[in-house]
Each structure stands twice: as C-alpha cells, then as structure tokens.
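Each chain, letter by letter, is given below.
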Amino acid sequence: MTSAIEFPAGFLWGCATSAYQIEGSPLADGAGPSIWHRFTRTPGLVRDGDSGDLACDHYRRYAGDVKLMQQLGLNAYRFSIAWGRVMPEGRGRVNAAGLDFYERLVDSLLEAGIQPMATLYHWDLPAALDDRGGWLNPDIADWFADYASAVYQRLDGRVKLWATLNEPWVVTDGGYLHGALAPGHKNRFEAPIASHHLMRAHGAAVKAYRAIGKHQVGLVVNIEPKYPASDSTADKAATQRADAYMNRQYLDPALRGHYPPEMKEIFGEAWPDWPAQDFELIQQPLDFIGLNYYTRSVTRHDDKAWPLYASAVRQPQATYSETGWEVFPQGLTDTLNWIRERYGNPPLYITENGSAFYDPPVAPADGLPDPLRVDYLQKHLRATHQARADGCDIRGYFAWSLLDNFEWSLGFSKRFGIIHVDFATQKRTLKSSAKCYAEVIASQGRLLGS
Ligand code: PNW
C-alpha cells in the first residue's frame, strides 16, 4: 500500500561521510598520524593494501564536493573531524592549521545553505594516544573532552549539531574484540573496558559542551534489530544476548544509566563491576540520538559462536548487499519505534543509511545506473516516513555515503556512495541514486508516495 508521503519543512536531507574515509592527506598541515594510518601500513590487515592516504582527496577537493551537495539539493551534511589534525599528539597542543581546514569546510557549507553536523570521533584515534593504551586508558575521557572543547571553541555557532562518538559498538567489537579494525586487538578482557571508557568519554564531551556550546549534542549508534529465528527458548535467549551486546550496551547507559544485565552473562569474569559514579558521567541529557541503520539479523543459538553463542541465519528469499547485509527496510521502522518506546521518544536523526552494491571502477560518461541502491534508498525513506507516522520524532536523514570511499579493512572494494568516485582520476559521477535522492528532496518526499 502506498499512502501520501510528505516530510515537514525543516527536515534535514543530508549525506554522511567520515574524515579518514574521504579526506586523504593524513599528515598535512601538521596533523599527527591516527591508528588507521598505522593499521593501513601493517601488511595484510587491509584488502589490497589500500589506505586513506589519498582516498577521495577531499582535503583538497572539499569545495567541489560542497558544490555537488548543493547540486543535489542537500540542506545538511554530516562529516567527522580528525582528532589528530586538531591535536597531533592527541592531547595538549592544539594545531590551529587542522582546525582551519574544518573551518573552511564549514564556511563553504554554510555559504551553500547546507547545515553541518560534525562527529568528533569516527574511529581515527591519534596514534600517540594508542601508545598510551588508547580506549583502554581511563584518562581518555579527559583527553577526549579537551579535544572536543578545542573544536567547540572554534566552531560552535557555525556548527549547531554535534555528535560525540560514531558507533561505539563497532569501535569496540572491531577494534578490541575481533580485531578487524584498528587497533586490531582480539581480547575478551579489553572489550568491556574499551566500551566503558568510550561511554565515559562520550559523557565527558557532552558535559564539556554544556559549558561552551549553545546548540545540540548527541550520540550516534548503529542498531541492528535482532529477530529470533524460531520460538525456541535457546533462540530467543540468543536473540536477547545479541540485542544487549550490539544495541542496548550503549543506549542503556547513555539514556538509562546502567548496562543491560546480559553483559555479565556474555563476558563472564571479563565483565568488571563498574563504579556507580561513572554512570553519572555517562548519562548526560542529550539533544538527539543519531541512528545508523544498515540491516537486521535473524538470530539463532550457536554453540560455536563465541562469546555470544548467537549467529545470524541467512534468509533465502532476501536481497543481500556486497557486504553480505540483508536489505530489510522494515527493520528501520521497527528500530525507530523501538527507540521511541524504550527511550522515551528522543529527537532522532538517521545519521547513516545506505548500501554497497557493485559499481564498475570507471563510470560511463552519461551517468551510472545503480538500480539496487535506488531501490534501497527509496524503501528506507518510506520506512522512515512510516516511523514518523507512528509518532517517532525524526528530524533528518543522512544517506551513507556522499562518495564512494575507503571502507576500512575492505579498502576501496566496497562502494557505498551515491556519487561514484574513479579512484585513478578522482572524477566524480552522479549515480542514479544521487539523482533519485535529489528528486525526492526537491519534492519534500512526495515522489516516494506515488
Ligand atoms: C558504519 N556492523 O560502519 C560506519 O559508520 C561507516 O564508517 C562505514 O563505512 C559504514 O557503516 C558502512 O560499513 C559499520 O557490522 C560497520 O553492524 C559495521 C557494522 C555497522 C556499521
């Protein structure tokens, strides 16, 4: 059934990116190296030996990229700030030239009528802080708040939407438990500690914002709704563990002041008893939650899947993306409603949503059709509208991603962009999904209803 669709005036129509994935020039103008700079220099960790050394060369081409955003009719853009550009050693000395870059970017966005949303941490920890233990060192909450304060001081007012962390779950699970992402640790005892200090750092950065900033600050999490594969007690319990680990582990402390009870069951002796006062720091009032939604998981009990003893069941009838993620738009509506019900209807932005499908390395001169991505985009925008009709307070949508970019340990092998990038020439070509998004925006969403 198609019903009338229209998004309200003031709804933010954006695209999202992150610093290390698009900027290139990682050491330019006095920046310090990040853990991704190191990780990509360690043979065998990233597909095809790719790195963010050049990526989309956005550090030098940002003005042209802002023009493309304007051409699409975007009124918002979510990017991240590289900590090591602002503080090359991660703490102490501020590198003004690093802040200058973000100031130039923000000014050109504002000139183009595009509202910036800045994420303070999208995975590129300064290597100098990793040398001090990184997210395992309790001092990182203060380091992060100091870095955040330097950025707020320079940009608050021009940037009115701030996100502290991007996806603490991925930082911990990929960086400290399974090791596919920087810094590449695989340690059951480290993972809960890294998570906890991420959340303390989040709280400290929000607190610092209240002292300096006058606008809005929130937390960005990735949520993957978990549906039991059967009615069996074992599958339902596995689903609860998977949901606690991936979804409630971060929103519960941030918004309710405690961890889910399943965490102790999952991590056993590796789950510490945290001091009560930490939760006073972690649970700061937030202005919004940013939701990154990609897929769902149908979950079953699995004796071999340490440490959760839960694994995903492949759906025979479904479409899967190049990263092996099921296309499941209903999961976005369900997740938005779950947040509304569980956490008291907070203001929400969909801060990432998108999909990797195969596109050729060189785009045809007359544009690049990407029907699967067009379909993904349209269905998820309809799912967003449905959740609004259900009562969710959704204020904007950011497609992941503006440009094809460096997909972490998968290198440049996966293309998420609505704009194609030819990495040999840096030529940008609008895919059909970009044109479709532009038309949806121009019609304030009405086009989705017909
Ligand atoms: C997000 N998962 O990462 C990140 O914010 C982006 O930097 C990234 O490029 C994008 O999604 C696409 O991968 C995720 O396993 C990585 O659930 C993994 C998961 C979710 C999000």
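As shown above, the structure is provided for reference.
Chains are numbered independently. Their residues run from 1 in the order of the written sequence. Local features in this predicted model are restricted to residues of pLDDT 70 or higher, and side-chain atom pairs are both shown and tallied only at a pLDDT of 80 or more, whereas totals for entire chains, interfaces and linings draw on every residue. Heavy atoms from the whole structure form the basis of all side-chain values; hydrogens and water molecules are not counted.

J.: Before we move on, could you go through the environment of D130 and cite the residues and values that matter?
T.: Under the DSSP-based scheme used, a helix requires at least four consecutive residues in state H or I and a strand at least two consecutive residues in state E, with every element numbered from the N terminus. Here D130 is to be found in helix α6 (residues 127–130). Linking D130 and I35, residues 95 residues apart in sequence, is a C-alpha distance of 7.1 Å. The contact partners of D130, leaving out residues within four places of it in the chain, are I35, R38, L125, Y176 and P183. Contacts are assigned to residue pairs that have any heavy atoms within 4.5 Å of one another.

J.: How would you summarise the site of the ligand if you had to cite specific residues and measurements?
T.: Only heavy atoms are used to decide nearness, and a residue is near a molecule or strand if one of them lies within 4 Å of it. The local shell around the ligand holds 17 residues, among which Q21, H122, N166, E352 and E407 are the closest. Under the rule applied, a polar contact is a pair of N or O atoms within 3.5 Å (in protein, one hydrogen donor and one hydrogen acceptor; residues adjacent in sequence only if both atoms are side-chain atoms). In the model, an oxygen atom of the ligand is placed 3.1 Å from a nitrogen or oxygen of the Y294 side chain. E352 has a polar side-chain atom sitting 2.9 Å from an oxygen atom of the ligand. For this classification, Asp, Glu, Lys and Arg are treated as charged, while Ala, Val, Leu, Ile, Met, Phe, Trp, Tyr, Cys and Pro are nonpolar and the rest, including Gly, are polar. Along the lines of polarity and charge, the residues of the shell around the ligand split into 9 nonpolar, 4 polar and 4 charged.

J.: Just give me the short version of the sheet that holds strand β3 (residues 115–121), but keep the residues and values in it.
T.: Two strands are counted as paired when DSSP detects at least two bridges linking them. Read around the closed barrel, the 8 strands follow the order β1-β2-β3-β4-β5-β7-β10-β11; overall the barrel is parallel. The average angle at which neighbouring strand axes cross in this sheet is 25°, direction not considered. As defined by bridge partners, strand β7 (residues 288–292) adjoins strand β10 (residues 348–352) across 4 bridges and the pair is classed as parallel. When the sheet's bridge partners are listed, G290 is paired in β10 with Y349. This element, helix α9 (residues 190–212), spans β4 (161–166) and β5 (216–222) of the sheet and lies at about 160° to β5. A fitted line through C-alpha atoms represents every axis, and for helices the fit uses only the stretch in contact; the resulting angles, taken between N-to-C directions, go from 0 to 180 degrees.

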